[in-house]
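Survey of secondary and tertiary structure
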Amino acid sequence: MTYTEASFDDASEVVDAAGLSNLLAIKKLEGGWANSNYVLTLDNSEKVVLKIWNEQSLEEVNYLLSVTSYLSEKGISTPSPMKFLDGGYIFIKNGLAWTLLPFIEGNWLQPTPDSLYSLGRAQAELHLLDPPSILRTDFSMGYKLFEKLFKIADESGEWSEFLYLLKTESTLLMSTIGELPKGIIHGDLFPDNVIGSSEEVRAILDFEEVSYDILAFDLAMTFVGFGWLEGEPVAERWNSILSGYQSVRTLNSDEVKALPALHRLATLSIAAWRYWQFVINLPDTENTDRYLEMTKRLNKELPF
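Just so we're clear, the structure is a prediction, and the values are computed from it rather than from any experiment.

1. Some points on the overall build of the chain
A tally of helices and strands in the chain yields nine helices and twelve strands. For 304 residues, the compact-globule formula gives about 19 Å, and the C-alpha radius of gyration of the chain, at 20 Å, lands near that figure. Every one of the 304 residues in the chain was classed for burial, and the buried ones make up 50%. Sequence-distant contacts, at least 24 apart, represent 70% of the contacts inside the chain between residues at least 6 apart. Here the chain has roughly 14200 Å² of accessible surface; of this, 48% comes from carbon and sulfur atoms. Computed over 24 positive and 44 negative side-chain charges, the inter-centroid distance for the chain is 3 Å.

2. Quick notes on the sheet that holds strand E1 (residues 23-28)
Strand order in the open sheet made by the five strands is E1-E2-E3-E5-E4, with antiparallel pairing throughout. Each edge of the open sheet is held by one strand with a lone partner, namely E1 and strand E4 (91-93). Each strand of the sheet is rotated relative to its neighbour by a mean of 30 degrees, with strand direction disregarded. In this structure, strand E2 (residues 35-42) lies alongside strand E3 (residues 47-53), joined through seven bridges in antiparallel fashion. Bridge pairing in E3 links Tyr38 to Leu50. Each of E1, E2, E3, E4 and strand E5 (96-102) touches helix H1 (residues 8-17); the most contacted strand, E1, lies at about 120 degrees to it.

3. Section: the side chain of Glu169
The topology assignment puts Glu169 in helix H5 (residues 161-176). Sequence-distant contacts of Glu169, that is, excluding residues within four places in its chain, are made with Arg264 and Leu268.

4. Points about the layout of surface pockets
Counted as a void, the second largest pocket has a volume near 700 Å³. Taken together, 33 residues form the lining of the second largest pocket, with Leu29, Val49, Trp108, Ile195 and Leu205 sitting closest to its centre. If you tally residues by element for the lining of the second largest pocket, the top one is E3, at four residues. Here the residues of the lining of the second largest pocket are counted per class, giving 16 nonpolar, eight polar and nine charged.

5. Structural notes on unusual backbone geometry
Within the chain, Glu230 stands out as a residue other than glycine whose phi angle is a positive 50 degrees. One can find Glu230 in the loop between strand E11 (228-229) and strand E12 (232-233). Glu230 sits in the exposed class, given a relative accessible area of 77%. Look at Asp284: it is not a glycine, yet its phi comes out positive at around 60 degrees.

6. Re helix H4 (residues 143-156)
Taking 1.5 Å per residue as the helical rise, H4 with its 14 residues ought to reach 20 Å, and the 20 Å between its terminal C-alpha atoms agrees with that figure. Taken together, the buried positions of H4 are occupied by Leu145, Phe146, Leu149, Phe150 and Ala153. On an axial view of H4, the arc spanned by its buried residues comes to 140 degrees, and they lie on one face. Away from the buried face of H4 by more than 90 degrees, exposed residues Lys144, Lys151, Asp154 and Glu155 are located. Its buried side turned inward, H4 meets H5 and helix H8 (253-281). Taken from the residues just after H4, Gly157 is the one with a positive phi, measuring 70 degrees.

7. Observations concerning the pattern of salt bridges
Evaluation of the coordinates by the stated rule reveals twelve salt bridges. A salt bridge links Lys93 to Glu13; its shortest N-O distance comes to 2.8 Å. With Lys93 in strand E4 and Glu13 in helix H1, the pair connects residues that are 80 residues apart, well separated along the chain. According to the relative accessible area criterion, Lys93 is buried, its value standing at 13%. A salt bridge links Lys300 to Glu232; the nearest nitrogen and oxygen atoms lie 2.7 Å apart. Of this pair, Lys300 sits in the segment after helix H9 (292-295) while Glu232 sits in strand E12, placing them 68 residues apart in sequence. Note on Lys300: relative accessible area 31%, which makes it partly exposed. Look at Glu232 and you get partly exposed, because its relative accessible area is 39%. Taken together, the salt bridges that share partners define one network made up of Asp10, Glu13 and Lys93.

Analysis parameters
Residues numbered from 1 in each chain as written. Predicted model: local features only at pLDDT ≥ 70, side-chain atom pairs only at ≥ 80, totals over all residues. Heavy atoms only, no water. Helix = DSSP H or I, 4+ residues; strand = E, 2+ residues; numbered from the N terminus. Rg over C-alpha atoms; globule rule 2.2 N^0.38 Å. Buried < 20%, exposed > 50% of the residue type's maximum accessible area, 1.4 Å probe, protein only. Contact = heavy atoms within 4.5 Å. Areas by Shrake-Rupley, 256 points an atom, 1.4 Å probe, with all protein chains shown as cover. Lys, Arg positive; Asp, Glu negative; His and termini not counted. Charge placed at Lys NZ, Arg CZ, Asp CG, Glu CD. Pairing = 2+ DSSP bridges. Axes fitted to C-alpha atoms, helices over the stretch in contact; angles between N-to-C directions. 1 Å grid on protein atoms, 1.4 Å probe; cavity = no way out; pocket = protein on both sides within 12 Å on 5 of 7 lines; lining within 4 Å. Points joined across faces, edges and corners; volume = space filled by probe spheres on them. Nonpolar A, V, L, I, M, F, W, Y, C, P; charged D, E, K, R; others polar. Expected span 1.5 Å × (residues − 1). Arc of directions from axis to C-beta. Salt bridge = Lys/Arg side-chain N within 4 Å of Asp/Glu carboxyl O.

So, in structure tokens, the structure goes:
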């Protein structure tokens, strides 16, 4: 989904500001629900990605780019933002942040046993990193978003069936999920955020939900993203993710015990984000009921 249309001339202006070769072609990239992404082909055959941040302030984008640069420097397979001639990572156009990233060849990761094992390993390696000092502690799709939705409902006097469910469930989960190991989490490892093949991960993208939070929650979120097929959980997929993860970092007994509650919280988090995005923020589209895909999963039997 593209929110900002970038013309050839727009992209050329950004490429010139980075001191790169002349632009040859521009093409929209698939994936992404909150930003506009294009692949740019330069006349020296180099390809770069143009990302226009539609929903983040300049301060927020600077923060996210700083974290991404840190992760890339520490060996996480994620493209590091490219600098412009002025030494910064952001080109400001029409009040929005426009950034450039190296283009990673490949497709969205296919959920095979080998690729999911590789994904589990990559996630565990992220979880073992020391968090940067600037890392925030609020997961943007979690309780922070829930409270925002509740406030909107109070002010409008319109509490939907979903918001009542979210209020009840989130309150219960807060009391049942105890203190668990925390560290850097991606927070949104879904297929359109991972480039790879049927065998391995090549790059993890879009660290927009990155924060300091419960590590096992992040693992549960990955199962929400990769572990389901036609509305049903696939045990083989979970086993592949978990095996890869535990080949690097072993879950403790408290984390294992909390997995069902963490998966429920992760499922509600995605539902809440979709509700915010497609019911409140951008209503009356074909995605209006997309949050229901998540609520229908809440009563399914899980493989853990």
